[in-house]
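Chains, contacts and geometry: an overview
Chain residues, written in single-letter form:
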Amino acid sequence: MNFLSDEKLRRELFPVCRNRIFFGHAGVTALPAFVADAVCDYTRQSSENQQEFDDVLRQVKEARQTCATFIGAQPEEIALLGPTSLGLSLFANGLPWREGGEVVCYHGDYPANVYPWMDLRRRGVVVRYLEPERPGEITPELVAAALTARTRLVALASCHFFTGYRIDVDAIGAILHERDVLFSLDAIQTLGAFPLDVGRAHIDFLSADAHKWMLGPLAIGIVYVERSRFELLRPTLLGAWNAISPNFNALDEIRFVPTAQRYEPGVLNIAGIFGMRAALEFFMKTGPDAIVRQIEPLGFEILGAREGANASSITTFRHSSASSATFFSALENAGVIASLRHDRAGKDYLRFSPHVYNTEAEIDTAVGVLEGSL
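Anyway, here's the lowdown on the structure attached to this text. Keep in mind it's a predicted model, so treat the numbers as computed, not measured.

Moving on, we come to the sheet that holds strand β8 (residues 221-225). Paired through backbone hydrogen bonds, the strands of a sheet run either parallel or antiparallel to each other. Ordered in space as β2-β8-β7-β6-β5-β3-β4, the 7 strands form an open sheet in which the pairing is mixed. The open sheet has two free edges, formed respectively by β2 (78-80) and β4 (126-129), since each of these has just one partner strand. Along the sheet, successive strands turn relative to each other by an average axial angle of 15°, direction set aside. Sheet strands in contact with helix α4 (residues 84-94) are β6 (182-186), β7 (205-209) and β8, and its direction is about 160° off that of β7. With respect to the sheet, helix α7 (residues 169-178) is in contact with β5 (151-157) and β6, its orientation differing from that of β6 by roughly 155°.

Set out below in structure tokens:
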């Protein structure tokens, strides 16, 4: 972590810092140098060898172990797949639903964690939506009140993409475990920013692409299936990699490999895996409060929790009398990368999502741009 006190090292590790202030990690991250190097090194070697050269499979195995350690799982429970929506769709489509069974989710979540569950209506599943008082504020009490004798699964996001409200995953998981209800978690907005132990939280299924807080490439991520759920969750994408195929010959019946590899149908995104592994190893070697303190006096309305266990690295805000789009343009012209987002009513907001390598000086600069635009 000494890069925070060594600006030269910080800019070497995170090249985006050389010319920009990057507060866009809740969208798509800029790649650190060590992640880009891992991807480029593999790509270069693939121009000199076949793409599955020498020890590629060994390194893929090591990447599974890294991912498993990162979330408190076993490597046999990890599938190396992305994006997040792929894992969530595998969960929704692979379970043996019965007509009248219920799934509980939140209609205000990011669409990737809504549509797979909504689509189950075609199979006779009842989809029950949580209705929090404020956007994204999914509490354990709210979840418990929504459960019925027919609830089969609850699908939630670890943090709301818009307001930044971070749910109490452990408390909700304990409630669902006690009621024998399956728990599916979209963890893309917290993995890499906050620790998670899937065992302690009683999570059955988890999906998170690496391209946000994990500082990894696009279209590669962690898909976790708790080992005891392998037989319950049938793979819905089939190929030679996950169905046993001796010498690449099909058998007379489908038999899946005994690990979470059963959810990977074919060749893997090796370049992405190498990049993701480099990012996670960085975290294993090594907050928005300052933003809130500075922008609140300027007349900005701030969404979500500002401190405590439900606060995240996302700060979303708008001014009472000025357009967020105007501020967004001013930030962009000043080299500050943020996000422009809209609520369900169409109101525009700015979203700042800084990470571990961002500095107080960068926050000061961004707030100065906002203040100068009033």
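Once that is clear, we can look at the packing of aromatic side chains. In the structure shown here, the tally under the stated rule is 18 aromatic pairs. Aromatic pair F14 and F34: ring centres 6.0 Å apart, planes at 80°, arrangement edge-to-face. Of this pair, F14 sits in the loop between α1 (7-13) and β1 (21-22) while F34 sits in helix α2 (residues 33-48), and the two are 20 residues apart along the sequence. Under the relative-accessibility criterion, F14 is labelled buried at 1%. An aromatic cluster is built from F3, F14, F34, F70, F282, F283 and Y357, whose rings are joined through pairwise contacts.

This part is about the packing of α2 against helix α8 (residues 270-285). As a packed pair, α2 and α8 sit with axes 8 Å apart at the nearest point and diverge in direction by 150°. Between α2 and α8, the crossing angle belongs to the class labelled roughly antiparallel. Pair α2 / α8 crosses with right-handed handedness. Only I270, A271, F274, G275, A278, A279 and F282 of α8 make contact with α2, whose side of the interface consists of F34, V35, A38, V39, Y42 and T43.

Our focus in this paragraph is the nonpolar core. Residues L191, I203, L206 and I222 are the most contacted members of the largest nonpolar core, which totals 60 residues. A total of 8 residues in this core trace back to one element, the largest contributor, which is α8. A155, V223, V225 and A260 belong to the second largest nonpolar core, which has 24 residues in total.

Across the sheet, 4 strands lie side by side as β9-β10-β13-β12; this open sheet has antiparallel pairing. Looking at the sheet topology across the chains shown, the edges are occupied by β9 (300-302) and β12 (339-342). Between one strand axis and the next, the sheet turns by 40° as a mean value, whatever way the strands run. Relative to strand β13 (residues 348-352), strand β10 (residues 315-319) runs antiparallel, the two sharing 3 bridges. Across the sheet, T316 pairs through a bridge with R351, a residue of β13.

Here is what the cut-offs are and how they apply
- Residues numbered from 1 in each chain as written.
- Predicted model: local features only at pLDDT ≥ 70, side-chain atom pairs only at ≥ 80, totals over all residues.
- Heavy atoms only, no water.
- Pairing = 2+ DSSP bridges.
- Helix = DSSP H or I, 4+ residues; strand = E, 2+ residues; numbered from the N terminus.
- Axes fitted to C-alpha atoms, helices over the stretch in contact; angles between N-to-C directions.
- Contact = heavy atoms within 4.5 Å.
- Phe/Tyr/Trp six-rings, centres within 6.5 Å; stacked < 30°, edge-to-face > 60°.
- Buried < 20%, exposed > 50% of the residue type's maximum accessible area, 1.4 Å probe, protein only.
- Parallel < 35°, antiparallel > 145°, perpendicular 65-115°, else oblique.
- Left-handed = near helix turned anticlockwise from the far one by under 90°.
- Core = buried A, V, L, I, M, F, W, Y, C linked by side-chain atoms within 4.5 Å.

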